Amino acid sequence: MQEQLLLQLVNLVQNLAEDMQWMKQEIQTMKQEIGELKAIVHRHEEDIRWLKEQMKENTAMIKAIRDNQLEQRSIQDAMRHEIAHIRGEMATKQDIAYIHERLDYQLGRIARTEEELHMLKKAN
């Protein structure tokens with residue numbers, strides 16, 4: 001009976017030793033996998049840092065483009081106002097026709113006055 005108990009104890013110790021060996025292998029495998037995961041996480045962290053930098057650069061470029069567009073719009077608005085002002089100051093066809101009529105009238109008056117002066121000089 002003692003021998004059986006001793007055999008059972010030996011079997012249990014051997015099983016325990018095998019289980020310990022298996023657990024050591026599993027722990028070693030887990031350590032390797034954890035190392036691989038750390039490497040992957042590190043690469044992802046680098047990628048995230050790079051993406052953040054790219055986002056900052058893109059944001060800065062977008063702000064610059066927006067500011068440039070606002071500046072261009074204000075320049076265009078100023079040009080539109082200038083063009084409208086110039087158009088407002090330009091003479092219309094009716095204004096030009098009126099100016100020509102007035103010039104013709106004034107030239108006619110000048111011609112009559114010169115003719116009268118010439119006649120007066122001849123008479124004296």
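That block above? That's the structure.
Residues numbered from 1 in each chain as written. Predicted model: local features only at pLDDT ≥ 70, side-chain atom pairs only at ≥ 80, totals over all residues. Heavy atoms only, no water.

A. Here's a closer look at the pattern of salt bridges. What the rule picks out here adds up to three salt bridges. As a salt-bridge pair, Glu53 and Lys56 come within 3.9 Å of each other at their nearest N and O atoms. Taken as a pair, Glu53 and Lys56 lie in helix H1 (residues 2–89) at a separation of three residues, close to a single helical turn. With relative accessibility at 40%, the residue Glu53 sits in the partly exposed group. The exposed category is assigned to Lys56, whose relative accessible area is 57%. A salt bridge links Arg80 to Asp77, with the nearest nitrogen and oxygen atoms 3.1 Å apart. Separated by three residues within a single helix, Arg80 and Asp77 lie in helix H1, roughly one turn from each other. For Asp77, a relative accessible area of 38% translates into the label partly exposed. (Salt bridge = Lys/Arg side-chain N within 4 Å of Asp/Glu carboxyl O. Helix = DSSP H or I, 4+ residues; strand = E, 2+ residues; numbered from the N terminus. Buried < 20%, exposed > 50% of the residue type's maximum accessible area, 1.4 Å probe, protein only.)

B. Geometry of a nonpolar patch on the surface. Together, Leu16, Met20, Trp22, Met23 and Ile27 make up a nonpolar patch on the protein surface, roughly 530 Å² of accessible area in all. Of note, Met23 is situated in helix H1. Classification of Met23 by relative accessible area gives partly exposed; the value is 43%. (Patch = residues over 30% accessible without salt bridge, like charges linked within 9 Å, V, L, I, M, F, W, Y side chains within 5 Å. Areas by Shrake-Rupley, 256 points an atom, 1.4 Å probe, with all protein chains shown as cover.)

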